Amino acid sequence: MTIAAIIVAAGRGVRAGGEVPKQWQMLAGEPVLTHSVRAFAKVAAVDQIVLVLHGDDMGRAVKMLGGQITAVTGGATRAQSVRAALEALAGRGVRHVMIHDAARPLVSPGLIGRLIAALENADAAAPALPLTDALWRADGTLVAGTMPRDGLWRAQTPQCFAYDAILAAHRAYDGLPADDVEVARAAGLSVQIVAGEERNLKLTFPADFERAETILRSDGMDIRTGTGFDVHRFRAGDHLWLCGVKLPFDRGLEGHSDADVGMHALTDAIYGAVAGGDIGQHFPPTELRWKGAASHIFLRHAAELAAEMGYRISNADVTLICEKPRIGPHSAAMRAALADIIGLDLTRVSVKATTSERLGFTGREEGIAAMASATLVSA
Ligand code: MG
C-alpha cells in the first residue's frame, strides 16, 4: 500500500497573532509546519509527503525538502490547494492519501498509524472526538437556547482516502467545503470515524500556541533522581563544617577537604542523577590542590555539570546522622547556605537530622554520616 501525506500549509491565517502565517510561526523552537512533517516522516508506512505552500513561502521550505518530501504551490482556497497536491501525485502509484492541516502540529505517529490501519477496511477514515460540552445558541452574549449534542463530533485531520476516489471527488466538487470529508461524502464515499486525540488541537488563537507549547514541554520532560551517602570520622579540633555552615564543636571532622559530609552527600546525589560520576572522580583526594578545599567548590561543580547536561535541580534533601552536634538549631542556616550555592529557592532545599539511637559508629560518636537525594528536571 503506497501512502502519501499531503500537508496543507498555504493559508495566510494570522488570527493566531504574529506577522507570519501560523504554519510558519515558531512552536517549541521550530516552525509549526515542521512538527507535522516530522510526525508523518516517523511513520514508515508513509512513503511520500507533499507540502502545499503559498508561492511566497517556497523559500522558507527549502530546508525541509528532499527525499520523500516535495512541495507544490497551493491555490486560492483550501480545496484548490488540496486539489493541486492530489493532481501532483497522479501517476506516482499512490493508493491512499492522508490530507492534514499544518495548523494541527501535534498530530501523533500513533494516530497516523491507527488511521492507516482503518484504511484496510474502509475507503475513507478520519479522526474525530465526540462532543462533550453542552451546546448553546446565543443572542449576543445571552444564552438563547440549548442544542442537542447527540451524534455530534469534532472533526480533526489527517483525513484519509483511497487516492483515486478522493481525486475524482475533488475534480467533481464545486464550492467551498469545510474539509475533505465533505468533498468525499458529496461523491458518495462513506467515511469511517477513528478516535481522534485531544492533543491534536488546531492552532487558531494565541492561547492555542500556549497549550501546544505546554503539551510539547511535557512530552520531552525528563525527571531524574540521584542519591548520595558519605561518612567522615571525628578527630581533634574545635569546629566542623556541615552543609556549608561552620559550627563550633569540641571535635573536628577528618578529611582531605573541609570534610563537609552533608555537602559531599548532596554533591554525589546531583552527580548520580545525571550519571556524572562521583565526587572522588572529579576531585581526587590524591590531588594536593583539593587539600582543605571548601566543599562548595564540589557542590557548585555538580550543579554546573547538571546544567550543562540540560537539567535544573528541582529539589534537594539532606539527612545528617549523628548524636552530636545538635543540628536543629542550625538547619535553617544550612538550608540557606546550600540553596545559595546551587541557586535554588529555600523551599526546595531540606536539611534534617536523626540519631542512630546510639547504635553503630554514629551512635558511638566516632563520626558523622549523611545521605542526600536530589531531583533534576530537564530544563
Ligand atoms: Mg566526603
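Scroll up a little and you will see the structure.
Parameters and conventions
- Residues numbered from 1 in each chain as written.
- Predicted model: local features only at pLDDT ≥ 70, side-chain atom pairs only at ≥ 80, totals over all residues.
- Heavy atoms only, no water.
- Phe/Tyr/Trp six-rings, centres within 6.5 Å; stacked < 30°, edge-to-face > 60°.
- Helix = DSSP H or I, 4+ residues; strand = E, 2+ residues; numbered from the N terminus.
- Buried < 20%, exposed > 50% of the residue type's maximum accessible area, 1.4 Å probe, protein only.
- 1 Å grid on protein atoms, 1.4 Å probe; cavity = no way out; pocket = protein on both sides within 12 Å on 5 of 7 lines; lining within 4 Å.
- Points joined across faces, edges and corners; volume = space filled by probe spheres on them.
- Nonpolar A, V, L, I, M, F, W, Y, C, P; charged D, E, K, R; others polar.
- Salt bridge = Lys/Arg side-chain N within 4 Å of Asp/Glu carboxyl O.
- Axes fitted to C-alpha atoms, helices over the stretch in contact; angles between N-to-C directions.
- Left-handed = near helix turned anticlockwise from the far one by under 90°.
- Contact = heavy atoms within 4.5 Å.
- Donors = N, O, S within 2.8 Å, 3.2 Å for Na, K, Ca; no water.
- Pairing = 2+ DSSP bridges.
- Core = buried A, V, L, I, M, F, W, Y, C linked by side-chain atoms within 4.5 Å.

Peer 1: What is the right way to read the packing of aromatic side chains from this model?
Peer 2: The geometry of an aromatic ring pair is captured by two quantities: the separation of the ring centres and the angle between the planes. Under the criterion given, the structure shown has four aromatic pairs. Relative to Phe249, the ring of Phe234 lies with its centre 5.8 Å away and its plane at 40°, an arrangement referred to as tilted. A residue pair is termed long-range when its members are at least 10 positions apart, and Phe234 in strand S13 (residues 223-236) and Phe249 in the loop between strand S15 (245-248) and strand S16 (251-253) qualify at 15 residues. Taken individually, Phe234 and Phe249 each receive the classification buried, so the pair is uniform in this respect. With 6.3 Å between their ring centres and 80° between their planes, Trp290 and Phe298 make a pair best called edge-to-face. The burial state of Trp290 is the same as that of Phe298; both residues are buried. Pairwise contacts between aromatic rings join Phe283, Trp290 and Phe298 into one cluster.

Peer 1: Explanation requested: the layout of surface pockets in the structure shown.
Peer 2: Empty pockets left among the atoms are what a rolling probe the size of a water molecule brings to light. As a volume, the largest pocket reaches approximately 880 Å³. For the largest pocket, the lining is made up of 43 residues, of which Arg78, Asp101, Ala178, Asp179 and Lys202 are closest to its centre. Where the lining of the largest pocket is concerned, the elements lending two or more residues are strand S1 (3-9), helix H3 (78-88), strand S7 (124-130), strand S10 (153-155), helix H6 (180-186) and strand S12 (192-195). Here the residues of the lining of the largest pocket are counted per class, giving 21 nonpolar, 12 polar and 10 charged. Residue lining of the second largest pocket: 13 residues in total, with Ser257, His264, Ile279, Phe283 and Pro285 positioned closest to the centre.

Peer 1: Sorry if this is basic, but what is going on with the pattern of salt bridges here?
Peer 2: Side chains that carry opposite charge are capable of pairing whenever their charged atoms lie near each other. Applying the stated criterion to the full structure yields 17 salt bridges. Among the ionic pairs, Arg12 bridges to Asp57, the shortest N-O distance being 2.3 Å. One end of the pair, Arg12, is in the loop between S1 and strand S2 (26-27); the other, Asp57, is in the loop between strand S4 (46-53) and helix H2 (58-61), and 45 residues separate them in sequence. Residue Asp57 is classed as buried on the basis of its relative accessible area, which comes to 2%. A salt bridge links Arg358 to Glu365, with the shortest nitrogen-to-oxygen separation between them at 3.1 Å. Judged by relative accessible area, which is 16%, Glu365 ranks as buried. Connected through salt bridges with shared partners, the residues Asp250, Arg251, Arg358 and Glu365 form a single ionic network.

Peer 1: Please explain the packing of helix H8 (residues 261-273) against helix H11 (residues 331-342) as it appears in this structure.
Peer 2: Two quantities define a packed helix pair, namely the angle between the axes and the distance from one axis to the other. Interhelical geometry of H8 versus H11 gives an angle of 40° and a closest axis separation of 12 Å. The interaxial crossing formed by H8 with H11 has right-handed handedness. Across the interface between the two elements, Met263, Leu266 and Ile270 from H8 touch Leu338, Ile341 and Ile342 from H11. Residues belonging to the contact of H8 with H11 are distributed by class as follows: six nonpolar, no polar and no charged.

Peer 1: Before we go on, may I ask you to explain the coordination of the magnesium ion in this structure?
Peer 2: A metal bound by six donors in octahedral fashion has ideal angles of 90 or 180 degrees, whereas one bound by four tetrahedral donors has an ideal angle of 109.5 degrees. Only Asp230 (OD), His232 (NE2) and His264 (ND1) from the protein reach the magnesium ion as donors, at distances of 2.1 to 2.3 Å. Between the donor residues of the magnesium ion, the gaps in sequence give the motif D-x1-H-x31-H. Here His232 is found in strand S13, whereas its partner His264 is found in helix H8, with 32 residues between them in sequence. Accessibility expressed as a relative area gives 12% for His232, which makes it buried.

Peer 1: Whenever I open this one, the environment of Pro31 confuses me. Can you help?
Peer 2: Locating Pro31 in the fold gives a position in strand S3 (residues 30-31). Taking the C-alpha atoms as reference, Pro31 lies 10.0 Å from Ala61; in sequence the two are 30 residues apart. Setting aside residues no more than four positions away along its own chain, Pro31 makes contact with Gln23, Trp24, Gln25 and Met26.

Peer 1: Looking at this structure, I do not really get the sheet that holds strand S17 (residues 311-321). What am I missing?
Peer 2: Think of a sheet as strands paired side by side through backbone hydrogen bonds, with each pair either parallel or antiparallel. Pairing is mixed in the open sheet, where five strands are placed in the order S16-S13-S19-S17-S18. Here the strands that pair on one side only, and so sit at the sheet edges, are S16 and strand S18 (349-354). Taken over all neighbouring pairs, the strand axes of this sheet differ in orientation by 25° on average, direction set aside. Sheet topology note: the S13/strand S19 (residues 367-378) ladder contains 11 bridges and is antiparallel. Directly across from Phe229, in S19, lies its bridge partner Met371.

Peer 1: Is there a simple way to think about the nonpolar core in this case?
Peer 2: Where a protein is soluble and globular, its nonpolar side chains tend to be buried together. Ranked by internal contacts, the top residues of the largest apolar core, which has 49 residues, are Leu242, Leu266, Ile270, Leu320 and Ile342. Sort the elements by how many residues they give to this core and H8 lands first, with eight residues. When residues no more than four places from it in sequence are discounted, the contact partners of Leu320 are Leu242, Cys243, Val261, Gly262, Ile327, Met334, Val351, Lys352, Ala353, Thr354, Ala369 and Ala370. Core analysis: the second largest hydrophobic core is formed by 29 residues, Ala9, Leu33, Leu53 and Ala61 among them.

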